[in-house]
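Residue-level structural notes
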Amino acid sequence: MKNKIVLVSLMLLSFLSNAQNSKEVSQEWISISQFLDVTVEKDTKFKLIGYAKADLVDDKAMAALWTRVDNEGGELGFFDNMGDRPIRLNEWKSYTIEGVLTKDARTLNFGALCYGNGTYLFDEFQLFIENSKGVLAPVTIDNSSFENGISNGIVPKWSQGIGRGKVVKVKEFEISSSDDAAKGKKSLKLVGAGIELSVATIGNVEGASPQIGSMISMLEDLKSRVESRVKNMSTYELDHLHDEKANRIGALIMHLAAAEKYYQVFTFEGRGFNEEENEIWLDALNLGAAARDKYKGHEVQYYLDIYNEVRAETIAELKKRDDKWFEEIQPSSDISNHYCWFHVMEHQSSHLGQILFLAKRIPPEVELTIPEPIKD
């Protein structure tokens, strides 16, 4: 049977004329993307080639090409963002990603990304997909060399972000054209500035004993991952219900704060919630219908402020105690204080996974346009 590739659309949209699809976010990285709908009848090779150079300010900063295959049902297929071979060379060089489309493949996503403070240039993208003769044949990419001029930070024919249909403007990055090109006359220039990169370490927390310091750093790492995923979400996204038994993402953030608050009183004071605390926290702690009804209509900062307030108290109280206290068994149970806070940590991890799952399944918000009334 002949292998068939259906190039349904490259989603080569100019978002400049559609401002309602624009979203501004704050994050440590930026990406540009294109999307190719595919149908193949057997495993099919593909190759992405692009030129890049990176003048870095941060040691951990990097540039990369990236590809992701979305399979049927939204499942992840092949993925490569060059995390094991980041681009950090300040001279033009071509880079390659090679992958395979399977029979389940539905979309091939590809583009460029950069992370951290620095100046990043990209040029001359090429895409090849194996044809029925087993030959890697070129696929047209519009504005592949970025010769079309960039205006108002919009890259013609490319999406900004890693999803279809919206321009994601990142506050920390400026987008423009550059006369420094690998080929032709122009290249894409991305400049990142004012970015504070997170540092991944465990322990060595000032004012905390060794074991407690390790726990604080792990709690903070997971909290930062939650915050990073939700901080740019709209109220629509926070309130979305995947189904009648699911939880809203806003309610899940409240749940993380409520569970941590419970373990504060349990380990620091040796008790459960009192009546006043139940009134404040119990719906969020139990989730379900009550939380679905209660936690909606808020902007993300409402939830993050509560989460941050609870965490600040956790850190302050843990620093008052030492490793010996950590190993003490709570009189009303058979578990140690250390295990209780381990549970808080892994509880964050579990619900982070849930938030990531739900976030990928939020449908686009429908923009309703109400026509003006007909005038007499």
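Residues numbered from 1 in each chain as written. Predicted model: local features only at pLDDT ≥ 70, side-chain atom pairs only at ≥ 80, totals over all residues. Heavy atoms only, no water.

**Quick look at the pattern of salt bridges**
- Going through the model one piece at a time under the given rule, you end up with 15 salt bridges.
- Two residues, lysine 261 and glutamate 313, come together in a salt bridge whose shortest N-O distance is 2.9 Å. A residue pair is termed long-range when its members are at least 10 positions apart, and lysine 261 in helix 3 (residues 249-268) and glutamate 313 in helix 6 (residues 300-319) qualify at 52 residues.
- A relative accessible area of 14% means that lysine 261 is categorised as buried.
- One continuous salt-bridge network, built from bridges that share partners, spans Asp80, Asp84 and Arg85. (Salt bridge = Lys/Arg side-chain N within 4 Å of Asp/Glu carboxyl O. Helix = DSSP H or I, 4+ residues; strand = E, 2+ residues; numbered from the N terminus. Buried < 20%, exposed > 50% of the residue type's maximum accessible area, 1.4 Å probe, protein only.)

**Thoughts on the confidence of the model for the protein chain**
- When pLDDT is averaged along the protein chain, the result is 88, and 89% of the positions lie at 70 or above.
- Predicted confidence for residues 1-20 stays below pLDDT 50, and this span has 46 contacts to residues more than four positions away or in other chains. (pLDDT = per-residue confidence, 0-100. Contact = heavy atoms within 4.5 Å.)

**Let's talk about the packing of aromatic side chains**
- A complete count under the given rule lists 14 aromatic pairs for this structure.
- For the ring pair phenylalanine 146 and tryptophan 158, a centre distance of 5.3 Å and an interplane angle of 25° mean the geometry is stacked. With a gap of 12 residues between them, phenylalanine 146 in the loop between strand 9 (136-139) and strand 10 (159-160) and tryptophan 158 in the loop between strand 9 and strand 10 connect regions that are remote in the sequence.
- Residue classification places tryptophan 158 among the buried residues on the basis of a relative accessible area of 0%.
- Between tyrosine 302 and tyrosine 303 the ring centres are 5.2 Å apart and the planes differ by 85°, which places this aromatic pair in the edge-to-face class.
- Judged by relative accessible area, tyrosine 302 falls into the partly exposed class, the value being 34%.
- On the basis of relative accessible area, tyrosine 303 is assigned to the buried category, the value being 0%.
- Taken together through their ring pairs, the aromatic side chains of Phe110, Phe125, Phe146 and Trp158 make up a single cluster. (Phe/Tyr/Trp six-rings, centres within 6.5 Å; stacked < 30°, edge-to-face > 60°.)

**Considerations on the environment of serine 217**
- Here serine 217 shows up in helix 1 (residues 210-230).
- Between the C-alpha atoms of serine 217 and threonine 201, which are 16 residues apart in sequence, the distance is 7.2 Å.
- Apart from the residues within four sequence positions on either side, serine 217 is in contact with Thr201, Ile202, Gly203 and Val205.
- A polar contact is formed between the side chain of serine 217 and the backbone oxygen of serine 214, at a distance of 2.8 Å. (Polar contact = N/O pair within 3.5 Å; in protein donor to acceptor, adjacent residues only side chain to side chain.)

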